[in-house]
Amino acid sequence: MRKKLNRESKEFMAVSAETLAGMLDSGRATAVKIGTEAGAKIQIGRRVLFKVSVVEKYLDSMAGES
């Protein structure tokens, strides 16, 4: 019998544009703009993901926090 994978983590390494928009409480276009400017964009084939830790650091630096 195969081991069941636990995929119910609340902390993600990378998320889609729609999920990032939900996390930022913004629209999809704004989330893509922020993720791209932060350098968090990861493209695998046609799929585009954004690295959450990079976006968080970018937003902290924009807010003046270190």
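For the structure itself, look to the data block above.
Small disclaimer: the values here were computed from a predicted structure and weren't measured.

A. Just the environment of Ser-16, in detail. Structurally, Ser-16 can be placed in the loop between strand 1 (14–15) and helix 1 (17–24). Overall, Ser-16 belongs to the buried group, its relative accessible area being 19%. The sequence separation of Ser-16 and Lys-51 amounts to 35 residues, and the corresponding C-alpha distance is 9.1 Å. Look past the residues within four positions of Ser-16 in its chain and what remains in contact with it is Val-48, Leu-49 and Phe-50.

B. Representation of the sheet that holds strand 2 (residues 41–44) within the structure. Strand order in the open sheet made by the three strands is 1-3-2, with antiparallel pairing throughout. Every interior strand has two partners, whereas the edge strands, strand 1 and strand 2, have only one. As paired strands, strand 1 and strand 3 (residues 47–51) are joined by two bridges and run antiparallel to one another. Considered in strand 3, the bridge of Ala-14 is made with Lys-51.

C. Broad picture of helix 3 (residues 52–63). Over its 12 residues, helix 3 runs 16 Å from end to end, which matches the ideal 16 Å to within 8%, given 1.5 Å per residue. Buried within helix 3 are the following residues: Val-52, Val-55 and Tyr-58. Around the axis of helix 3, the buried residues are gathered within 125° of arc, so they sit on the same side. Taken together, the buried residues of helix 3 touch strand 1, helix 1, helix 2 (28–37) and strand 3. A positive phi of about 90° marks Gly-64, the residue just after helix 3.

Conventions adopted
- Residues numbered from 1 in each chain as written.
- Predicted model: local features only at pLDDT ≥ 70, side-chain atom pairs only at ≥ 80, totals over all residues.
- Heavy atoms only, no water.
- Helix = DSSP H or I, 4+ residues; strand = E, 2+ residues; numbered from the N terminus.
- Buried < 20%, exposed > 50% of the residue type's maximum accessible area, 1.4 Å probe, protein only.
- Contact = heavy atoms within 4.5 Å.
- Pairing = 2+ DSSP bridges.
- Expected span 1.5 Å × (residues − 1).
- Arc of directions from axis to C-beta.

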